[in-house]
Each structure stands twice: as C-alpha cells, then as structure tokens.
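One-letter residues, chain by chain:
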Amino acid sequence: MSSISGQPIGVFDSGIGGLTVAHAIRSVLPHESMIYFGDLAHLPYGDKSEAAIQAYSIRITDILLKKGCKVIVIACNSASSAAYELLKEYVRKDTHIINVIDPMVEFVLENFPGKEVGLIGTKRTVQSDVYARKIREGKKNIRLRSVATPLLAPMIEEGFFNNQISHEIIAQYLSDAVLAKIEVLILACTHYPLIKKEIDSFYQGKMRILDSAEIVANALKKYLEEEGLLNRQTTPQHHFLVSDYTASFEAAARMFFHETIQLERHPLWN
Ligand code: DGL
C-alpha cells in the first residue's frame with residue numbers, strides 16, 4: 001500500500017456548500033480523514049471574476065498541499081468552472097484534483113440522452129458555459145437550459161431557507177420560461193442540496209433533481225481504489241479551516257458532522 005494512503009483528502013468551497021460534498025464523502029469513504037477549507041472571507045464566489053476565483057483556489061490548494069492532502073476535491077461549481085484547468089496544471093506532479101462538474105456531466109450523459117435538462121447555478125458557473133460545452137462534446141443530443149440563480153448561495157449561507165421568502169425566491173427563479181420544458185434539473189451549486197426539499201416541493205415531487213454530492217463522492221472513491229490510495233490504517237479525523245469565522249458555518253459543520261468539530265481560522269494571506 002502506498003505510504004500516502006493515510007493522508008487526508010482536501011476539500012474546499014467558498015463556504016458551507018462544499019459540506020454537502022464532504023458529508024457524502026464521509027458516508028462513502030468512512031475511513032478517510034478530511035481537511036475542509038471554507039473561504040468565508042471571499043464568498044460568494046459566484047459573483048467574482050474568473051481571475052479572483054483562480055487566485056483564491058491556488059492559495060487554498062497550496063494550504064491543502066502543505067497539509068499533505070493526497071487528493072483535492074474542488075467542492076464548488078464556481079471554482080470548478082473558473083479554476084479546475086489551471087489547478088490541474090499547477091499541481092500536476094504533487095497531487096490529483098477532482099472537480100464537481102465532470103462526474104455530473106458523465107452521469108447526465110449516461111442517464112439522460114435526448115432529454116431537455118435544466119441547470120441552476122451561480123453566475124460564474126452559468127456564464128462559463130462549461131456544463132453546456134462538456135454536455136455538447138458528449139454528443140448525446142441533450143438540450144441544456146441554464147438559469148443563473150445568484151441570490152441562492154448567499155441566502156443559504158445565511159441559514160435563510162425553509163421559510164416563506166426563500167420559497168418565493170426559489171419559485172421566482174424556477175418559473176423562468178427557459179426551464180419550462182425540462183425533464184430533469186441539475187443543481188450546479190453545492191449549496192443547493194440544502195434547499196433540495198423546497199425545490200422538490202416547487203415541482204410537487206415530479207421533477208428528477210440531481211445534486212453532485214454523492215456522484216462526486218463515488219468518483220473520488222473510484223479514483224482512490226484505482227490508485228491504491230484508500231486509507232485502511234489510521235482513524236479518520238476531520239479538520240475545518242476557514243479564512244474567516246462565521247457562526248452559520250460552524251452551525252452547518254456541526255449539523256453535517258454531528259461531532260465536536262475543530263474549526264481553525266486560517267487567512268488565505270497573512
Ligand atoms: N458552492 C459554490 C458553487 O458550487 C459557490 C457558491 C458561491 O460562493 O457563490 O458554486
């Protein structure tokens with residue numbers, strides 16, 4: 001077994017959204033340790049320029065590499081669309097990077113050929129056109145209909161959901177004519193699983209809603225298995241680093257990890 005198999009998995013997002021992915025990773029890979037980085041000082045990523053997100057992502061990757069992560073998961077669609085290609089180049093010899101977009105695209109190509117597929121995500125993700133391009137390249141005659149929903153991530157980050165106002169914001173976005181004929185909906189932001197029930201009730205339980213958490217966790221498992229990097233020795237430990245402290249992040253991390261979590265403030269730049 002490789003000596004690095006006992007090293008942690010690095011996971012990062014702008015805030016609490018990536019916790020949906022980290023949670024799925026813990027279920028699928030219960031023996032793995034994780035270091036989670038929430039860039040709370042710079043959220044939301046969805047409204048930032050590509051260059052800004054690339055700079056944050058490189059810096060976070062450096063921090064996770066210094067902590068010895070054996071693989072890094074970009075648990076954020078905005079960062080995956082803005083910085084994945086750059087990060088892949090950047091870490092080429094040091095580690096492997098997994099993004100949240102490719103596993104979802106693969107899943108959609110395999111399961112929904114010929115369908116009209118809806119997508120909601122941040123402005124950064126939707127404007128990047130990455131999903132549309134990758135789905136087109138898969139040549140499965142899928143028609144992708146995307147709508148940017150920029151209010152949702154900050155709303156969720158504030159713990160503001162399951163109430164009348166969140167219902168109305170969600171309904172307003174999902175009523176967009178662009179989504180009128182979709183047969184399945186991709187939640188292209190890792191924050192959105194936290195409002196999946198509200199989205200489901202907007203569609204009265206009749207829409208297939210896809211979130212990337214489990215799909216990405218399974219892609220990670222496959223990679224670790226293939227590379228002989230599964231941790232079989234050490235007891236897992238999870239660490240949470242944040243570039244700024246917020247009570248809502250701590251509450252969300254406790255909700256997902258049901259344990260005394262170690263939360264450490266780690267600015268991106270000193
Ligand atoms: N959770 C992230 C995503 O998947 C980022 C949301 C944000 O910070 O705008 O896009």
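About the thresholds
Residues numbered from 1 in each chain as written. Predicted model: local features only at pLDDT ≥ 70, side-chain atom pairs only at ≥ 80, totals over all residues. Heavy atoms only, no water. Helix = DSSP H or I, 4+ residues; strand = E, 2+ residues; numbered from the N terminus. Rg over C-alpha atoms; globule rule 2.2 N^0.38 Å. Buried < 20%, exposed > 50% of the residue type's maximum accessible area, 1.4 Å probe, protein only. Areas by Shrake-Rupley, 256 points an atom, 1.4 Å probe, with all protein chains shown as cover. Lys, Arg positive; Asp, Glu negative; His and termini not counted. Charge placed at Lys NZ, Arg CZ, Asp CG, Glu CD. Pairing = 2+ DSSP bridges. Axes fitted to C-alpha atoms, helices over the stretch in contact; angles between N-to-C directions. 1 Å grid on protein atoms, 1.4 Å probe; cavity = no way out; pocket = protein on both sides within 12 Å on 5 of 7 lines; lining within 4 Å. Points joined across faces, edges and corners; volume = space filled by probe spheres on them. Nonpolar A, V, L, I, M, F, W, Y, C, P; charged D, E, K, R; others polar. Right-handed = clockwise from strand over helix to strand, strands pointing away.

In terms of helices and strands, the protein carries 11 helices and 10 strands. The C-alpha atoms of the protein give 18 Å as radius of gyration, which agrees with the globular expectation for 270 residues (18 Å, within 12%). Oriented by its inertia axes, the alpha-carbon framework of the protein measures out at about 50 × 40 × 35 Å. Expressed as a percentage of its 270 residues, the buried residues of the protein come to 53%. When the accessible surface of the protein is totalled, it reaches about 12,300 Å², and 49% of it is carbon and sulfur. Of the side chains in the protein, 29 bear a positive and 31 a negative charge, and the two mean positions are spaced by 4 Å.

Turning next to the sheet that holds strand β10 (residues 262–265). The sheet built from 6 strands is open, its strands ordered β4-β3-β1-β2-β9-β10 with parallel pairing. Here the strands that pair on one side only, and so sit at the sheet edges, are β4 (96–99) and β10. Strand-to-strand, the axes of this sheet are offset by a mean angle of 20 degrees, without reference to chain direction. Pairing of strand β2 (residues 34–38) with strand β9 (residues 238–242), which is carried by 5 bridges, proceeds in the parallel orientation.

This brings us to the layout of surface pockets. Space inside the largest pocket adds up to approximately 410 Å³. Lining the largest pocket are 16 residues, with D102, P103, E106, A219 and K222 sitting closest to its centre. For the lining of the largest pocket, the elements supplying multiple residues, two or more each, are β4, α4 (101–111) and α10 (212–226). Tallying contributions element by element places α10 first for the lining of the largest pocket, with 6 residues. Its residues assigned to classes, the lining of the largest pocket shows 8 nonpolar, 3 polar and 5 charged.

This part takes up empty space enclosed by the protein. For the coordinates displayed, the defined rule picks out 1 cavity of 30 Å³ or more. Residue lining of the largest cavity: 16 residues in total, with P44, G46, S78, T122 and A153 positioned closest to the centre. Within the lining of the largest cavity, the residues separate by chemical class into 7 nonpolar, 6 polar and 3 charged.

Further remarks concern the pairing of strand β3 (residues 71–74). Every second residue of β3 is oriented toward a common face, with V71 and V73 on one face and I72 and I74 on the other, all of them buried. Across 4 bridges, strand β1 (residues 9–13) lies against β3 in parallel orientation. Within the sheet, the bridge partner assigned to I9 lies in β3 and is V71. Pairing of β3 with β4, which is carried by 4 bridges, proceeds in the parallel orientation. Note that in β4 the partner of V71 across the bridge is H96. Following the backbone out of β3, through helix α3 (residues 77–90) and into the adjacent parallel β4, one traces a crossover that is right-handed.

By themselves, these figures tell us nothing about what the structure is for.
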